[in-house]
Amino acid sequence: MAHTSFHIFDGVPAIISERYDRIVSANGTVTALHQEDFTQALGIPSSLKYEEHNGPTSNAYAEMLRKHGLPGQAESNIRAFTDGILASYLVGATDSHAKNYSLLLDGASVRLAPLYDLASVFPYLGHGKQIINATLAMNIGGRRDLLRLRRKHLERFAQRMGLDEESVILRFHTLVDRLPEAFDSTVQPAHDVIASIGAQEFIDSYRKRIMMVYDDAMSWMASRKGQ
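Residues numbered from 1 in each chain as written. Predicted model: local features only at pLDDT ≥ 70, side-chain atom pairs only at ≥ 80, totals over all residues. Heavy atoms only, no water.

J.: Account for the layout of surface pockets, naming residues and giving values.
T.: Quantified by volume, the largest pocket comes out at close to 2000 Å³. Around the largest pocket sit 50 residues that line it, and Met 1, Thr 4, Leu 118, Thr 186 and Tyr 206 are the ones nearest its centre. At the level of elements, β1 (4-9), β2 (12-17), α3 (73-91), α5 (165-187), α6 (191-196) and α7 (200-221) are the ones that each hand at least two residues to the lining of the largest pocket. Counting residues per element, the lining of the largest pocket draws most heavily on α5, at eight residues. For the lining of the largest pocket, a count of residues per class yields 34 nonpolar, eight polar and eight charged. (1 Å grid on protein atoms, 1.4 Å probe; cavity = no way out; pocket = protein on both sides within 12 Å on 5 of 7 lines; lining within 4 Å. Points joined across faces, edges and corners; volume = space filled by probe spheres on them. Helix = DSSP H or I, 4+ residues; strand = E, 2+ residues; numbered from the N terminus. Nonpolar A, V, L, I, M, F, W, Y, C, P; charged D, E, K, R; others polar.)

J.: Can you lay out helix α4 (residues 151-161) for me, pointing to particular residues and giving the numbers?
T.: In an α-helix, one full turn covers 3.6 residues, which means residues spaced three or four apart are oriented alike. For α4, the full list of buried residues reads Arg 151, His 153, Leu 154, Glu 155, Phe 157, Ala 158 and Met 161. Buried positions along α4 lie against α2 (58-66), α3, β8 (135-140), β9 (143-145), α5 and α7. A positive phi of about 75° marks Gly 162, the residue just after α4. (Buried < 20%, exposed > 50% of the residue type's maximum accessible area, 1.4 Å probe, protein only. Contact = heavy atoms within 4.5 Å.)

J.: If you had to explain the side chain of Thr 82 to someone new, which residues and values would you point to?
T.: Within the secondary structure, Thr 82 is located in helix α3. Beyond its immediate stretch of four places on either side in the chain, Thr 82 contacts Phe 157, Met 161 and Leu 163.

J.: Tell me about the nonpolar core, and name the residues and values.
T.: One finds Phe 38, Phe 81, Tyr 89, Ile 140, Leu 154 and Phe 172 to be the most contacted residues of the largest nonpolar core, which totals 52 residues. Contributions of two or more residues to this core are made by α2, α3, β7 (109-112), β8, α4, α5 and α7. Top element by residues in this core is α7. It accounts for nine residues. With near-sequence residues (within four places) excluded, Phe 81 lies in contact with Phe 38, Ser 58, Tyr 61, Ala 62, Leu 65, Tyr 101, Leu 112, Met 138 and Met 161. (Core = buried A, V, L, I, M, F, W, Y, C linked by side-chain atoms within 4.5 Å.)

J.: Give a detailed account of the pattern of salt bridges, specifying residues and quantitative values.
T.: All told, the structure shown has eleven salt bridges when counted by the stated rule. Between Arg 144 and Glu 52 there is a salt bridge, with the nearest N and O atoms lying 3.7 Å from each other. Residue Arg 144 is located in strand β9, and its partner Glu 52 is located in the loop between α1 (38-42) and α2; the two are separated by 92 residues in the primary sequence. Arg 143 is the salt-bridge partner of Asp 145, the closest N and O atoms lying 3.2 Å from each other. Residue class for Asp 145 comes out partly exposed when judged on its relative accessible area of 33%. One salt-bridge network, in which partners are shared between bridges, spans Arg 19, Asp 21 and Arg 22. (Salt bridge = Lys/Arg side-chain N within 4 Å of Asp/Glu carboxyl O.)

Encoded structure:
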C-alpha cells in the first residue's frame, strides 16, 4: 500500500499520500521513476478502465504482467495485483479500476506500484442494514457483487490469473482473518482526531460493515467446501 496519513490543517481534514515514484539518493538528488497505469500499459484508452464498459478483465492484465520485467518479477507482480483485487472486495473498494493499478518502470525492471486509491463504498451506505447494490470494477471469477463471493469464484479467479487455486484461497483466508484487527489498528491511533471531528458513529458503522464481510467469508470458509 502507498504510505498515507491523516491530518487536520486549520480545521480542514486531509489525507496525505507520500510519493512512491521518486528515488532520493544519499546526497538528496531526486530521480523520478516512470509510471504507467494499466490502461497505458495495454495501450487502451482510459474510457476502457472499467470491465462493464467493455474494458479488459483482470486476467488480461495478468497476461500483460507475465510478459514484462526481470526474472521473477512477473509472478510477484501478479500476486500483488491479486492481493489488490481481493482487498478491494474485502473493504468494499468498488471503484478499483484499471487506472488505479500502475507499474513502476526502471530500465528492465517492472514493479507493481504500491496500491493506492482503494476507496471504500461503505461510508456512503449510511447507518442502516442495507448491504450493497454496488459491484466491483473487476470481477473475481465471474462474481462482482459484494458479500457474494464463494470458493468456486476464487477457484475460477485463480485459474484465470494462472495461479494455484489453493494458494489463492489460502491468501484470501489470510486477508479475511486479518481484516478486523487491521481495521482496529488503523483506527486506534486516530481515536482523538475521530472524536474531535465527531466521526465515531461513522467509524462504528464502517466497522459494522467490515464485520459483515468478515462474518460472510468466515461462514463458508470454515466448512472448506462453501460454494
